[in-house]
Structures are given as structure tokens and as C-alpha cells.
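Take a look at the letters that make up each chain.
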Amino acid sequence: MTDRADQIIDALRSGHDHLAALVRGLAPDDLTRPSGAAEWDVSQVLSHLGSGSEINLANLEASLSGTAAPDGDFNKTVWARWDAMSPAQRAEGFLAASEALVSRYESLDAQTRQDLRIKLGFLPVPVDVATAAGLRLSEFAHHSWDVEVAFDPAAALAPAATELLLDQVGLLIHFIGKADGLGGRRGSLAIRTTSPERSFGLDVADKVSLIDEPAQPDAVLSAPAEWWLRLTTGRHSPEHTPDVVTLTSQTLTLDDLRRVFPGF
């Protein structure tokens, strides 16, 4: 598990450095462009990432010190402060807050990375460093895409994050997938990804679940792994869907899958 924690922390570092370099080069008008996140401009995405960095760091520090995790009131105070910032302040604040969180993860020694359990307010039990950092990586990678796609319609998730996130997407698939997106129909899909190559299944019935690849699927989805991940988080509009994405089926369409994964 330490190896996985190491890989995730390394991916957080490379992701931060990449996005930070982009943010430092943005003009004031760039910060108010529409982002890939519905109803948020670029500065608001950076505000979300910056406030999330603060909250994640507070949870990490509480677990390291053995004190109570910050409560919901703490989170609301952080969000309110960031909401009140100007676009330029959000960009500068993101750079500092994200760097602080990544540096703190990097400072953890091997034993701590293995043994520490981190209390997160939205989960019932503390989780290990790999899981906590992995959840942060998912949020960071997808919101980085939200920023990048404002300037590059062909933007993709960071390769360093994609394989790691592909291994953990099943943790949240029950929560982010909406079985009623098929309008009462059921469906089983074979999912075949590239970069990296993986094969598995998706079952849409009473709930949405990842399964082994079915022998007789209702559909076969072939897609880059990063697009599959973006699909599951609602970042799947036709203009941001590569031509190499294909769905072979007589009963299901890509729009059906978009309804199963509407985003947050």
C-alpha cells in the first residue's frame, strides 16, 4: 500500500506543478472564462481546489496530531472566505494552498504513509493515506481538466493520474452512477479502455456497478481510459468526446451513458 501512496503523492505533485504553471500564465480575463464545470468560471474552479486543499490539509493535520477532525462549520467558513475573494485572489490562493497540501503529503515518511488513518467528514471510518490522497487526486485531476478545457477543447486528464484513478473508480461508482438514467431499462456493458488497456464490465440495474466483463453484453464501449473517467464524472459532452470513442449496441447509445453519469 505504501507503493500506491507514493505513486499517488507523486501524481499529485506532477498535477499541481502542471496546473500551477498554467495558472501563473493566465491573464485577468482568462480567470473569468467559462470552465468545464457547469456554472463555474476558471477562478471558481481554482477556488474549489484551493478551499479543498485547506480542508484536506486540516483533516490530515488533525489525524497526524490525534485531534478531532474539523467539522462542517469549519468547512463553511473556508468556503465563505474563498467565495468572497476576487478572481486574482483565488488564483494566488490556489497556488499557495495546493502547494501546502502536496508538500505536506510529501513530508510523510514511509511508516506514516503505511500506518496513518485519516478522518474525512464524508466517510464513516478513517481511511489510509493512499485512499485519502487518491480521492484528492481524483478531484484535482478532473477539476484541472475543467480549467484546461477552457483553453483547449481537446484537453485530456493527466496521464500520470489516469491509471491510478482507473483502479479506484469503483469506490464511488454506486454514488455517481444513476441507474434511472436508462428510464427503467437495464443494461450490461463491456468496457474496453486504451492508455492503459483494461477490460471490465458495467452493470446498470437497480444500481450502477462495476463487474467482470460480461460474456454477452448489451453494448461494448471502447474509449481512452481518461475519457471513461471523464464519462463517470459528467465531463462527456459530444464536443469533448474524441472520435475514437465507440459504442457498439442495438439498444444503448452514448447519450444513454451520459444520462447514467450526469455529473455533480
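Given the structure is predicted, the values throughout are model-derived calculations rather than measurements.

Here is what the cut-offs are and how they apply
- Residues numbered from 1 in each chain as written.
- Predicted model: local features only at pLDDT ≥ 70, side-chain atom pairs only at ≥ 80, totals over all residues.
- Heavy atoms only, no water.
- Helix = DSSP H or I, 4+ residues; strand = E, 2+ residues; numbered from the N terminus.
- Rg over C-alpha atoms; globule rule 2.2 N^0.38 Å.
- Contact = heavy atoms within 4.5 Å.
- Areas by Shrake-Rupley, 256 points an atom, 1.4 Å probe, with all protein chains shown as cover.
- Lys, Arg positive; Asp, Glu negative; His and termini not counted.
- Charge placed at Lys NZ, Arg CZ, Asp CG, Glu CD.
- Salt bridge = Lys/Arg side-chain N within 4 Å of Asp/Glu carboxyl O.
- Buried < 20%, exposed > 50% of the residue type's maximum accessible area, 1.4 Å probe, protein only.
- Pairing = 2+ DSSP bridges.
- Axes fitted to C-alpha atoms, helices over the stretch in contact; angles between N-to-C directions.

J.: When you look at the overall build of the protein chain in this model, what are you seeing that I'm missing?
T.: A tally of regular secondary structure across the protein chain gives 10 helices and 7 strands. A globule of 264 residues ought to have a C-alpha radius of gyration of about 18 Å, and the protein chain, at 19 Å, matches this closely. Looking at the protein chain alone, contacts between residues at least 24 apart form 70% of all its contacts between residues at least 6 apart. Entry remark: accessible area of the protein chain is about 12600 Å², with carbon and sulfur atoms responsible for 53%. In the protein chain, which carries 22 positive and 37 negative side-chain charges, the distance between the mean positions of the two groups comes to 3 Å.

J.: Help me out: how do you make sense of the pattern of salt bridges in this one?
T.: A side chain of one charge can pair with a side chain of the opposite charge when the charged atoms of the two come close. Considering all chains together, one arrives at 17 salt bridges under this definition. Across the pair Arg-113 and Asp-6 runs a salt bridge whose closest N-O atoms are separated by 2.7 Å. In this pair, Arg-113 is assigned in helix α5 (residues 110–115) and Asp-6 in helix α1 (residues 2–24), connecting sequence segments 107 residues apart. Owing to a relative accessible area of 25%, Asp-6 belongs among the partly exposed residues under this scheme. Across the pair Arg-259 and Asp-256 runs a salt bridge, and its minimum N-O distance is 2.6 Å. Here Asp-256 and Arg-259 lie together in helix α10 (residues 254–260), a separation of 3 residues that amounts to about one turn. Asp-256 gets classed as buried once you look at its relative accessible area, which sits at 4%. One salt-bridge network, in which partners are shared between bridges, spans Arg-13, Asp-17, Glu-99 and Glu-106.

J.: Is there a simple way to explain the sheet that holds strand β5 (residues 208–211) in this structure?
T.: Sheet strands pair via backbone hydrogen bonds, and the direction of the pair is either parallel or antiparallel. The 5 strands lie next to each other as β5-β4-β3-β6-β7, forming an open sheet whose pairing is mixed. The open sheet terminates on both sides in strands that have one partner only, identified here as β5 and β7 (246–249). Looking at each pair of strands side by side, their axes are set apart by 20 degrees on average, direction ignored. Here strand β4 (residues 198–204) pairs with β5 via 4 bridges, running antiparallel.

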